[in-house]
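# A structural walkthrough
Listed here are the chains, written in short residue letters.
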Amino acid sequence: MAQAAASTCEICTAGPGEHYCQQCDQLFCGSCKLSHLRTKISKNHTFLSGPSINKEEKLFCTEHEEMFLFYCQDCDTPVCRICSVEKHSRHLMTDLTKSAEKLRFEVVKNIEAKVTTSKVNLSKIEKETKTYRDEVKAVIKTITEEGNYWKNLIDKKVGSFVRLLHDEEQKTIQNITALTKVYRRDIENCQQWEKKIKEMETMADVLLFERLKKLKVDVDNIDLKPVPEGSYVSYRNKKPSGTEIDSLFGEMQFKPKKSQKRYKYTCEFCG
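A short tour of the structure in this document, coming up. (Residues numbered from 1 in each chain as written. Predicted model: local features only at pLDDT ≥ 70, side-chain atom pairs only at ≥ 80, totals over all residues. Heavy atoms only, no water.)

Attention now goes to the overall build of the chain. Secondary structure summary: the chain contains five helices and nine strands in total. Counted from the first residue to the last, the chain has its helices and strands arranged as β-β-α-β-β-β-α-β-α-α-α-β-β-β. Roughly 16,800 Å² of accessible area belongs to the chain as shown, and the carbon and sulfur atoms make up 51% of that amount. (Helix = DSSP H or I, 4+ residues; strand = E, 2+ residues; numbered from the N terminus. Areas by Shrake-Rupley, 256 points an atom, 1.4 Å probe, with all protein chains shown as cover.)

Shown next, in the form of structure tokens:
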């Protein structure tokens, strides 16, 4: 559907049709609009202007040719003055402008809440990721030092520990990265919706209300999952005086949530 900004004035057919008369259902250029408002019969007519104007979207009751004034909550539809008496007399009615404003407020608050929650979750992820990385470095350092203590016997054992730790770290970071992308996408969607809402400020209430209803569905469909507990890794070392390599090493623990993985290695070289 063509927008008013791309149409021609229906009076002089020369200027751009940038102004829409709600009573006459016609597009006017700036000059013809002024002339229209100087005429006694049309001096009280109301105009909509701007890039959001679409002549094909009706702002009046098609049955009574009156502006929509109320919102029927029972029927979930805007109604004019006559319809409110003839068809909706026993229904719960509210002022259309107030209803649109209330819905706009709810949608904006919902978006803001989701943005806030997403940012908090991202902050938590970043903080726990740093802690986890520091723990990984500390464990690697501990393992390396213990490996040096028994350097002649366990060089290969140290390498196997480090490889396992890096593998588990890579899996954990991949999961964290995927979760981070989800929250960043939610923030981007919410920011785009906020921009759309600002662009709707010049719309008529009935159009604004309908657009906000559709937008509210999209916003409500965002299900912000709670951030899981941060991953945990540690290494419990020991320095036995025995000669068996297996007894020289402690147990490395990974803690993703409820269960812990424990690894104990057997010597590959002792036979």
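Counting 52 residues, the largest nonpolar core has Ile 111, Leu 165 and Met 252 as its most contacted members. For this core, the secondary-structure elements that each account for two or more residues are β4 (68-72), β5 (77-80), α3 (96-149), α4 (151-199), α5 (205-220), β7 (232-236) and β8 (251-255). Here this core gets 13 residues from one element, more than from any other, and that element is α3. Non-local contacts of Leu 165, meaning those with residues more than four positions away in its chain, are made with Val 136, Val 139, Ile 140, Val 233, Met 252 and Phe 254. Phe 28, Cys 29, Cys 32 and Phe 47 belong to the second largest nonpolar core, which has six residues in total. (Core = buried A, V, L, I, M, F, W, Y, C linked by side-chain atoms within 4.5 Å. Buried < 20%, exposed > 50% of the residue type's maximum accessible area, 1.4 Å probe, protein only. Contact = heavy atoms within 4.5 Å.)

As summarised here, the arrangement of the three strands in space is β5-β4-β6, forming an open sheet in which the pairing is antiparallel. In the strand order of this sheet, the two ends are held by β5 and β6 (93-95), each with one partner. Put simply, the sheet's adjacent strands are angled 45 degrees from each other on average, direction ignored. The pairing of β4 with β5 spans four bridges and is antiparallel. From the neighbouring strand, Phe 70 faces β5, where its bridge partner is Val 79. Across the face of the sheet, α3 comes into contact with β4, β5 and β6 while running at roughly 80 degrees to β6. (Pairing = 2+ DSSP bridges. Axes fitted to C-alpha atoms, helices over the stretch in contact; angles between N-to-C directions.)

Looking now at the sheet that holds strand β2 (residues 26-28). Strand order in the open sheet made by the three strands is β2-β1-β3, with antiparallel pairing throughout. A single partner strand is all that each edge strand has here, and the edge strands are β2 and β3 (47-49). Looking at each pair of strands side by side, their axes are set apart by 30 degrees on average, direction ignored. Bridging between strand β1 (residues 19-21) and β3 involves three bridges; their strand directions are antiparallel. By the bridge assignment, Tyr 20 is partnered in β3 with Leu 48.

Bringing the packing of α3 against α5 into the picture now. Viewed as axis vectors pointing N to C, α3 and α5 meet at an angle of 30 degrees, and their least axial separation amounts to 9 Å. Judged on the interaxial angle alone, α5 and α3 are roughly parallel. Seen along the crossing, α3 lies across α5 with a hand that is left-handed. On the side of α3, the interface is formed by Leu 96, Thr 97, Ser 99, Ala 100, Leu 103, Arg 104, Glu 106, Val 107, Asn 110, Ile 111 and Lys 114, while α5 contributes Asp 205, Val 206, Phe 209, Leu 212, Lys 213, Leu 215, Lys 216, Val 219 and Asp 220. Tallied by class, the residues present in the contact of α3 with α5 amount to ten nonpolar, three polar and seven charged. (Parallel < 35°, antiparallel > 145°, perpendicular 65-115°, else oblique. Left-handed = near helix turned anticlockwise from the far one by under 90°. Nonpolar A, V, L, I, M, F, W, Y, C, P; charged D, E, K, R; others polar.)

Spanning 54 residues, α3 covers 79 Å between terminal C-alpha atoms, matching the ideal 80 Å at 1.5 Å per step. You can read the cap of α3 off the contacts: a side-chain oxygen lies 2.9 Å from the backbone nitrogen of Lys 98, and it is on Asp 95. (Expected span 1.5 Å × (residues − 1). Polar contact = N/O pair within 3.5 Å; in protein donor to acceptor, adjacent residues only side chain to side chain.)

As a further point, take the pairing of β4. Here β4 hands over to β5 after four residues, with Asp 76 in that stretch at a positive phi of 55 degrees. In the sheet, β4 pairs with β6 via three bridges, with the strands oriented antiparallel. Within β6, the residue paired with Tyr 71 across the bridge is Thr 94.

Let's shift gears to the environment of Glu 126. With respect to the element layout, Glu 126 can be found in helix α3. Linking Glu 126 and Ile 176, residues 50 residues apart in sequence, is a C-alpha distance of 9.1 Å.

The next point concerns the side chain of His 88. Mapped onto the secondary structure, His 88 falls in the loop between α2 (81-86) and β6. The exposure class of His 88 is buried, given its relative accessible area of 9%. Those residues in contact with His 88 that sit more than four places away from it in its chain are Cys 72, Cys 75, Thr 77, Val 79, Cys 83 and Met 93.

This brings us to the environment of Lys 213. Within the secondary structure layout, Lys 213 lies in helix α5. For Lys 213, a relative accessible area of 25% puts it in the partly exposed group. Separated by 110 residues in sequence, Lys 213 and Leu 103 place their C-alpha atoms 7.7 Å apart. Those residues within four positions of Lys 213 in sequence are excluded, and the remaining contacts are Asp 76 and Leu 103. Within polar-contact distance, the side chain of Lys 213 engages the side chain of Asp 76 at 3.3 Å.

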